Structures are given as structure tokens and as C-alpha cells.
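So the chains spell out like this:
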Amino acid sequence: MTKTARTEQASEPHTHIERYDPGSIEPHWQARWAELGLHDTDLVDDARPKYYLLTMYPYPSGDLHIGHWYIVTPSDALARFRRMHGYNVFFPIGFDAFGLPAENAAIKNGGHPFTWTMHNIETMRRQFRSMGATFAWKNEVVTADPSYYGWNQWLFLRFLEAGLAYRALSAVDWCPNDGTLAREQVEGTDRHCWRCGALVEKRDLEQWFLRTTAYADELLDFSGIDWPEPIKIQQTNWIGRSEGAEIDFEVAPDDYQPGGDVLRVFTTRPDTLFGATFMVVAPEHPLVPKLTHPDRLAEVEAYVGQARRRTEIDRLSTDREKTGVAIGAVAINPVSGERIPIFVADYVLATYGTGAIMAVPAHDERDFEFAQAFGLEIRRVVAGPDEASHGPMTAAYIAHAADAMLVNSGPYSGMPADEGGKAIVAWLAETGRAEPKVTYRLRDWLVSRQRYWGTPIPVIYCPTDGLVPVPDDQLPVLLPETVDYAGSGDNPLNHDEAFLRVDCPRCGGPARRETDTMDTFMDSSWYWFRYLSPDEAGGPVDREMTDRWTPVDQYTGGAEHAVMHLLYARFFTKAMADCGLVRDREPFRRLFNQGQILGADGERMSKSRGNVQDPDELVARYGADTVRLFLMFMGPWDQGGPWSPTGIGGVHRFLNRVWTLVVDPHGREPGDPEAGSLPAAETEARARAGLRSAAHRTLRDVTTDYEGFRFNTMIAKLMELVNTLFRYRGTVLAGRPEWDETISLLLLMLAPAAPHITEELWSRRLERAGRPWTSIHEQAWPEVDPNAVVEATREIPVQVNGKLRDKVTVPADATTADIEAAVLGRERIRAILNGRAPDRIVMAGGGKLVNLVIR
RNA sequence: GCCGGAGUGGCGGAACAGGCAGACGCGACGGUCUCAAACACCGUUCCUUGCAAGAGGGUGCGGGUUCGAUCCCCGCCUCCGGCACCA
């Protein structure tokens with residue numbers, strides 16, 4: 001099929017041997033695979049079991065960098081590995097095409113986000129093909145295309161109907177010149193705008209939310225999906241379920257207000273209510289302006305202004321000294337009737353619980369610090385069994401156990417803490433002043449973005465009819481093609497009259513479009529469904545296809561998506577299932593988080609840092625197979641790390657050795673004094689059996705390494721096999737059946753990782769054997785011969801007091817008594833024992849290791 | 001700061017279930033081939049000590065459990081990811 005004429009030279013040891021030239025074989029096979037449609041997936045073929053392999057689709061940032069290769073090529077190896085196991089593999093790709101960088105580029109350099117994005121996609125498509133990846137290009141999805149984002153709108157409207165979408169006020173980082181800023185657009189400790197330098201403030205805007213909290217409990221349930229434990233833990237912590245109670249505190253009347261306002265708090269520790277000696281409300285709490293005394297107003301306003309400029313990370317830092325301001329008003333502790341002061345402090349967030357807390361300094365670290373800083377009363381109301389019930393406290397006492405008792409708690413003193421807490425809530429609940437409550441750290445998903453380059457949110461505001469959803473038959477709401485940034489970062493849709501003006505679908509009167517667009521996480525929350533029917537015009541998904549192909553069998557992507565994307569995707573799937581659109585409630589059956597390749601400087605690769613590594617140069621020099629293999633060999637796939645091409649030569653040398661073994665098995669290297677002869681102690685028969693055994697043991701290990709994503713050790717084992725083969729090159733073994741079998745296994749095992757060189761060598765072998773061509777990638781994965789794997793003897797390490805002192809070789813079927821006798825008979829061991837008997841003989845793992853203990 | 005992860009030779013890493021620390025590769029050193037160099041090939045390479053056989057030390061730091069700890073427990077240090085508008 002390819003370069004036929006040259007192969008027969010291979011058997012002559014000293015004629016010119018054709019060298020491995022990836023530059024010619026790689027494009028050849030890539031073209032041929034495309035021509036044969038070898039990797040297009042027949043989505044309706046049910047003769048074979050399906051396997052949906054999904055890799056997180058890339059953002060079209062410009063060029064493909066080495067990080068993309070790191071993400072994609074091991075996934076492609078998995079796709080090929082599964083195909084060889086008889087699966088009908090679907091391995092699609094697309095582009096996450098909306099987002100901030102396209103707009104930044106447009107603002108900076110002029111031009112249109114669309115042009116910039118599509119140009120990048122074109123480049124990246126071309127580069128992706130040079131990897132030899134087996135993507136199902138026919139199913140490609142580009143999210144910035146109306147045929148995709150129109151269905152974002154359709155789905156949004158279904159969620160709106162289902163009560164899962166709603167509007168509410170929410171704060172954004174705001175620059176007076178450039179409008180809403182993303183987090184990365186706010187710079188410096190003084191938090192100024194990246195473009196104009198103005199100090200950033202918070203502004204409350206009416207924005208759209210999706211009700212992720214409605215699924216909080218279901219999202220905590222990971223049964224039935226095989227995800228890495230750390231990811232499940234991170235999601236669980238992110239959702240942050242807390243059981244407790246909401247309790248009402250009444251504001252006392254004073255000279256400035258009549259009292260009676262209710263401050264509702266959430267607490268996980270209602271048992272400590274008698275110890276609540278003050279209250280803290282978030283600076284954003286709606287009652288702050290009303291309750292603040294005039295003499296406190298200036299200070300409170302200054303504090304609130306300051307707090308609102310801080311980041312949440314900063315505010316929640318337990319490191320920072322506690323700050324706050326008393327507002328002057330006083331609340332009544334509902335159980336003790338005591339008057340307790342109310343503070344604003346930035347460590348209480350408006351977005352968690354009720355935005356107000358009862359502060360129990362004796363039993364909460366943050367409250368303790370605050371009380372110390374402000375000289376407030378710290379009153380112990382819980383004591384452990386071995387603790388004094390009274391006396392000064394030097395730190396908050398956080399009761400862990402059920403054996404903690406309530407003290408100083410009126411009629412509840414002496415009760416176990418957990419029981420007392422329930423009793424206190426039950427008592428207050430009788431008069432409607434408390435109720436048991438579960439709160440989550442998880443917030444509803446803010447999907448509004450004040451930007452042009454995203455999916456327009458399909459609603460209309462009418463002076464008569466209010467909020468009107470865009471009717472389905474008027475979808476998609478298209479982004480206007482011309483866009484004028486007018487030198488500002490503000491959303492151009494706000495100034496686009498043609499876009500803004502619309503007739504109300506209900507009354508026909510003049511109305512105004514929503515100008516917010518959707519968070520791009522919306523796009524990535526269902527794209528794998530769309531891959532299955534990218535051209536479907538009747539709906540976002542083809543139900544028959546999604547029922548057949550989802551959930552995704554294996555998802556691979558970066559761990560940086562542990563909480564946001566991966567949680568949104570789970571939420572979306574559940575919400576779509578509840579809207580009757582898909583069957584399953586979980587999107588990804590199995591997840592693997594690969595690490596990230598950083599720049600050589602250890603920082604994230606980005607154009608602005610100038611640390612982007614371009615793979616094209618490496619591909620030109622070594623070929624795609626070497627680059628693929630090197631990325632897999634560098635280290636464990638889930639680890640990532642700083643990029644360094646050091647060592648790529650070793651991988652290239654390995655492929656060269658594979659090449660040499662196949663095209664020139666009888667050749668001899670002048671550098672090897674032993675070349676051409678078997679090791680002195682070895683017979684041909686033993687060498688042949690040993691080679692076959694090595695091949696099958698390698699096959700056994702390589703198979704499990706692929707299955708467990710351990711590509712680095714998989715390649716190391718193939719290197720060992722190649723080293724073994726090289727020792728026998730040019731000897732009587734070359735050309736024997738065991739040699740041919742080993743070469744064949746080697747190529748098959750290597751094929752998923754290095755698809756081009758293996759295809760080339762495979763086809764040459766077929767041709768030499770006079771057999772018709774078939775692709776190596778359509779071969780069945782070979783089976784381990786269990787008889788070849790067994791070994792006749794085993795070597796057992798012998799320790800004395802835990803230190804390795806000797807090794808003893810015994811027959812594979814030796815009993816522990818045999819091993820003990822062999823060990824005690826060893827000269828070295830007898831010398832160490834010096835006539836004594838060991839105090840103890842430890843046979844670890846049924847005789848895997850022996851440890852003699854001498855006192 | 002909080003949540004998650006990681007720290008092993010000069011370097012990337014291996015040891016998957018508490019049982020031989022350093023597989024495999026890079027680099028370095030020595031050699032073969034060559035007029036020479038490159039390529040290729042063969043060998044050595046954790047540290048200290050010893051001619052050697054060997055001995056001692058060693059998996060970020062300090063403790064602990066165990067016959068035995070890179071692995072488990074307690075307390076730290078450093079680095080990476082995430083912290084809700086980067087994707």
C-alpha cells in the first residue's frame with residue numbers, strides 16, 4: 001500500500017536500511033485513515049457495544065499549544081484501545097467558542113469576535129489533524145453558531161417554564177467606564193480596572209439565575225458514577241450542606257426606631273443560643289440602613305463601602321483580624337430576653353444563610369476573635385465531660401462529641417448538647433420564632449453576563465406585559481452581526497437600537513430586549529448531547545440518540561473544572577431530565593482528571609505570559625508519534641506539571657529502535673561486543689521461551705496500564721520489551737516464531753499510543769508475508785497466554801530486622817516451610833545468626849518476603 | 001484563609017494491597033564503530049565509606065504505630081488547582 005519497493009532489503013544485514021521518517025509516513029496514514037473513514041462513528045450501529053469517550057472541548061484561544069496535545073492524545077490512545085476491544089467508539093470534538101478573550105481581542109485590535117474565533121478554530125482544526133487523533137469531525141459542534149446557541153435559548157425557556165430560572169438582584173464588579181468586569185479584569189490590591197485604572201466598585205443589577213440549589217441534595221449523591229474521590233469531596237464541600245435552624249431575633253425599640261423588626265439568623269448550633277451575646281449582620285443586609293443610629297451612620301457607611309470593595313476570599317480569610325462596627329441598635333435574645341448589640345462585620349456574607357448570625361463567641365472561633373477584639377462577653381454554654389463549666393476561656397470550645405453538656409442555659413442546662421439544641425428549636429417553633437433548616441453553601445447559578453459575545457437571553461421587557469419570553473418560533477435570537485465597542489468595555493448590545501427594539505410578542509407594542517447574554521458554562525453544560533445530532537433542527541437533542549449513547553462512558557478533562565463545569569453539567573442533565581428531554585440524570589459515568597501542563601516557568605500557559613509552547617516545531621523535528629508518546633511518558637497523566645522537552649530524544653530513540661527491530665531484525669550493532677550471540681549461559685530453547693514469556697507478561701501489564709490511564713508505566717514496559725528484543729537482535733532468535741509473535745504483540749500494544757509508525761510497520765509485515773492489507777487499528781487486542789506468563793522459580797528477599805540481607809531463589813510452588821528451610825540454610829544468613837535461632841520469622845504475603853527478627 | 005492535590009537521585013518519574021526504594025527515560029561518565037565528529041550501539045551511574053566482599057545513611061521537616069512505613073496516624077513547611085464574571 002505504501003512505499004512497497006523498499007521492504008525486501010531488510011533481510012540483508014549490511015545493505016542500506018531505510019530510516020524511520022515520520023515526516024513522510026504520518027501525513028500518508030492520516031490521509032488514508034480519512035479516506036477510509038476509519039474513525040467515523042456509525043451512531044446507529046448496534047452490532048457492537050457503544051463507548052462514548054469525551055474529552056473536554058477546547059476554547060479556541062488561537063493556536064494549539066502543547067497543553068492541548070497533552071489533553072487530547074492520551075484520550076485518542078484510549079479511543080483506539082477501546083476500538084481494538086470491539087467497541088463502537090464515539091470520540092467527538094468541538095469548540096467552546098463564546099467567551100471573554102474573543103471580545104478582549106476585538107476591543108484591543110478592532111475586528112469582530114466572530115472573525116477572531118472562526119479564524120482560530122480553522123487553525124486549530126488543522127493542527128488537531130496533525131496529531132493523528134481519531135475525532136468524529138462530522139459531529140463537530142461550535143457553540144457560537146446559532147444552530148447551537150439557539151438551543152441554549154430554547155433550553156433556558158424550558159427552565160423558565162419549569163421555575164428553574166428567575167431574576168434577582170446581584171452585585172457585579174463595576175467600572176464606571178467599562179461596565180461589568182470579570183474577575184481577571186480587576187487588578188491589584190486596590191482593585192482597579194485593567195483598562196482605565198478606575199477603582200472598581202460593586203453594583204447591584206437585576207440578573208438571571210438558574211436554581212441549582214433545587215438539586216443540591218441530589219447533587220450530593222454520587223452513587224452509580226465512578227468519579228475520583230477528591231472530585232467528589234470537592235463537590236460535596238462546595239455544596240456545603242449544613243443542618244441547623246433559623247431563629248428570629250427581634251430588634252428592641254430605641255430612640256431612633258420603634259423596634260419589632262426581625263433579624264432571622266441561620267445557625268448550625270441552636271444548642272448554643274443562650275451563649276449568643278451579640279449579633280452580626282452582613283454589610284449588605286437590607287436592615288442595616290434602617291437600624292443604624294444617626295451617630296453611627298458615618299462610621300457604618302464607611303465600613304460598608306469598604307467591605308463591599310473586598311473580595312469574598314479576603315472577607316472569609318480566618319487569618320485576617322476581625323473588623324466590624326456596632327450599628328447602635330440592639331436585639332433581644334429570644335431565649336434569655338437579654339439585650340445584645342448588633343454589629344456589621346465583613347466576615348458575614350449576604351449570600352450565605354440569612355446574611356445574619358447570632359454570635360456565640362464561646363463556641364465559634366470567628367465569633368471568639370471578634371468578641372476579643374471588641375471586648376464583648378464570652379459566655380460558656382457547652383462543656384465537655386472533663387471541662388470546668390466556668391472560668392475564663394482562652395479559645396472557642398467547639399464541642400465534637402455527644403457527651404458535651406449544656407451549661408448556663410436556663411432550663412436546658414444539664415441536657416446533652418445535641419438534644420438541648422433540638423429542644424430549644426422545638427420550644428421556639430411553638431411560637432413561630434424558629435424552625436429547623438438545611439442550608440447550603442452552594443448558591444444559585446448566576447448566568448447573566450453583561451457582554452456581547454455570548455448567547456442572548458431570550459426574553460423581552462414590555463411596558464404593558466412585563467417580562468415576556470421570546471416565543472419558540474422566534475428563536476434563535478441572533479446576535480447582531482455588526483458590533484461597536486466604541487472604545488469601551490461596556491456591552492455593545494446596550495447601544496444597538498436595532499437589537500434592542502422589538503415588538504412585544506403578546507401586545508405587539510414597542511418593547512425592549514434583554515441585553516444580558518449567558519455564561520459560557522451554559523454552552524458546556526450539554527454539548528455532549530448535541531454531538532450526537534449536531535444538525536438536528538427539531539430540538540436540542542435527538543432523544544433516540546441520547547438514549548442510545550449517553551451517559552458518556554468516559555469523560556477526561558482538567559481538575560480545574562472539579563466544581564464549576566462538572567457541577568453545572570450534572571445540574572443541567574438533571575434539569576433536562578426533569579423537563580423530559582433526556583433519560584439519564586447523570587452525564588458522565590466515569591471521570592478522569594488529567595493534570596495541566598504549565599509553562600516552563602511553572603505558570604499556566606497563556607499568550608500574555610509568553611510561555612506558550614508550540615508543538616508544531618517538535619512535530620516537524622520528531623514526528624507526531626514521538627510527541628504523543630513523550631507526553632504520555634513524561635509522568636502520570638493526572639499530574640501535569642511544567643513543560644520541558646528534556647527527554648523527548650529518548651522517546652524518539654525508542655521508536656527508532658522499534659523501527660530497526662522490524663525492518664532489520666538480523667542486523668548487528670558494532671558497538672556491542674556480544675552482538676549476534678546469545679548470552680553465554682543461555683540456550684536457544686530457553687531464550688525463545690523467555691522472550692515469549694516477557695512478551696505476554698508485558699501484554700498483561702500494558703493492558704491494565706491502559707485501562708488505568710497509566711500511560712507512563714505502559715510505555716516504560718514497552719521500552720523494557722524493546723530492550724529485551726534488542727539483546728536478541730541478530731541472534732538465532734530473530735525470525736523465530738517467538739520473535740515474530742513478540743514483534744506483532746509489540747506493534748499492537750503500541751498502536752493506540754503511536755498510531756502512525758505502528759500502522760506503517762504493520763503494513764510492511766503484512767506485505768512481506770504476502771497477506772492483504774488491514775489497518776492495525778482494526779485488529780483485535782491480543783489475548784494473554786496464561787501458560788506463557790508463569791515462571792518456574794521466584795526470588796524472595798530476606799530481611800534481618802527489617803534490613804535486606806540476602807535473596808533466595810525457590811521453585812514457584814515452594815511452601816512456606818520450604819522457604820524457611822532455604823533461608824536458614826543460606827550461608828550469609830547463618831553468618832548473621834551466628835548460631836542463634838531467630839526470635840521470630842515473618843513470612844509476608846504468603847512467602848513474598850521473609851523477615852527474621854532477632855532481639 | 002478555606003477546600004482538593006503533590007513533595008522520592010543532578011532531572012522527569014517507578015514502587016497499584018504496609019513488604020527488595022530508585023523501574024523506564026534524560027543527563028553525566030567510560031567504551032565500540034569512525035580519519036574525525038555526529039548518529040547508533042554496549043556498559044556504569046542515590047549518597048558516604050571501602051581495593052573488594054561489605055557497612056552506614058536515605059522518599060519535604062518533627063514525632064508516633066508496626067517484625068517492617070515513600071505508603072497508616074498526629075503536628076508543621078513548601079508548591080500546584082479551585083474559591084462562583086478566565087475557560
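The following paragraphs examine the structure supplied in this document. (Residues numbered from 1 in each chain as written. Chains lettered and ligands numbered in written order. Predicted model: local features only at pLDDT ≥ 70, side-chain atom pairs only at ≥ 80, totals over all residues. Heavy atoms only, no water.)

### Looking at the environment of Asn-333
The following threshold applies: Per the convention used, a helix needs a DSSP run of H or I reaching at least four residues, while a strand needs a run of E reaching at least two, with both numbered from the N terminus. Exposed residues in this analysis have more than 50% of their type's maximum accessible area, buried residues have under 20%, and partly exposed residues fall in between, with area computed by a 1.4 Å probe over protein chains only. Between two residues, a contact is recorded if the distance between any of their heavy atoms is within 4.5 Å. Polar contacts, as used here, are pairs of N or O atoms within 3.5 Å; protein pairs need one atom able to donate a hydrogen and one able to accept it. Residues neighboring in sequence count only if both atoms are side-chain atoms.
If you trace the backbone, Asn-333 turns up in the loop between strand 13 (325–332) and strand 14 (339–344). A relative accessible area of 0% places Asn-333 in the buried class. Considering only alpha carbons, one finds Asn-333 and Leu-349, 16 residues apart in sequence, at a separation of 21 Å. Apart from the residues lying within four places of it in its own chain, the contact partners of Asn-333 are Phe-249, Leu-273, Phe-274, Ala-276 and Glu-338. Reaching out from Asn-333, the side chain makes a polar contact with the backbone oxygen of Ala-276 at a distance of 3.4 Å. Within the local environment of Asn-333, its side chain forms a polar contact with the backbone nitrogen of Val-335, the two atoms lying 3.0 Å apart.

### Describing unusual backbone geometry
In this structure, the amide linkage connecting Leu-475 to the following residue, Pro-476, adopts the cis form with an omega of -5°. Mapped onto the fold, Pro-476 is located in the loop between strand 22 (466–469) and helix 13 (497–500). Here the bond from Thr-550 into Pro-551 is cis, since omega is 5°, no more than 30 degrees from zero. Among the secondary structure elements, Pro-551 is positioned in the loop between helix 16 (543–549) and strand 26 (554–558). The backbone of Asn-408 shows a phi angle near 50°, a positive value even though the residue is not glycine. Within the secondary structure, Asn-408 is located in the loop between strand 17 (405–406) and helix 12 (417–430).

### Considering the sheet that holds strand 23 (residues 501–503)
Rules: Here the rule is simple: two strands pair whenever DSSP picks up at least two bridges between them. Each axis is a line fitted through C-alpha atoms, taken for helices only over the stretch in contact, and angles between the N-to-C directions span 0 to 180 degrees.
Across the sheet, which stays open at both edges, the four strands sit in the order 22-21-24-23 with antiparallel pairing between neighbours. Either end of the sheet is taken by a strand with one partner, and the two such strands are strand 22 and strand 23. Strand-to-strand twist across the sheet, computed as the mean angle between neighbouring axes with direction ignored, equals 40°. One ladder, built from four bridges, connects strand 21 (residues 459–462) with strand 22; its direction is antiparallel. Paired with Val-459 across the bridge in strand 22 is Pro-469.

### Observations concerning a negative patch on the surface
Definition in use: Note that patches include only residues with greater than 30% relative accessible area and no salt bridge, and the join distances are 9 Å for like charges and 5 Å for nonpolar side chains (Val, Leu, Ile, Met, Phe, Trp, Tyr). Method for areas: the Shrake-Rupley scheme with a 1.4 Å probe, in which residue coverage is limited to the protein chains shown. When a carboxyl oxygen of Asp or Glu lies within 4 Å of a side-chain nitrogen of Lys or Arg, that pair is called a salt bridge. Two residue types count as positive, namely Lys and Arg, and two as negative, namely Asp and Glu; His and chain ends fall outside the count. The atom standing in for a charge is NZ when the residue is Lys, CZ when it is Arg, CG when it is Asp and CD when it is Glu.
Together, Asp-63, Asp-614, Asp-616 and Glu-617 make up a region of like negative charge exposed at the surface. Within the secondary structure, Asp-616 is located in helix 18 (residues 615–622).

### What to know about helix 9 (residues 294–309)
Worth spelling out the cut-off: Multiplying 1.5 Å by the residue count of a helix minus one yields the expected span of that helix. Values of bend correspond, residue by residue, to the angle between axes fitted over the seven residues ending at that residue and the seven starting there.
With 16 residues, helix 9 extends 23 Å between its outermost C-alpha atoms, agreeing within 8% with the 22 Å of an ideal straight helix rising 1.5 Å per residue. The largest bend along helix 9 reaches roughly 25° and is located at Val-300. Every buried residue of helix 9 is listed here: Val-300, Tyr-303, Val-304 and Ala-307. Looking at the buried residues of helix 9, the elements they touch are helix 8 (288–291), helix 10 (312–316), strand 13 and strand 14.

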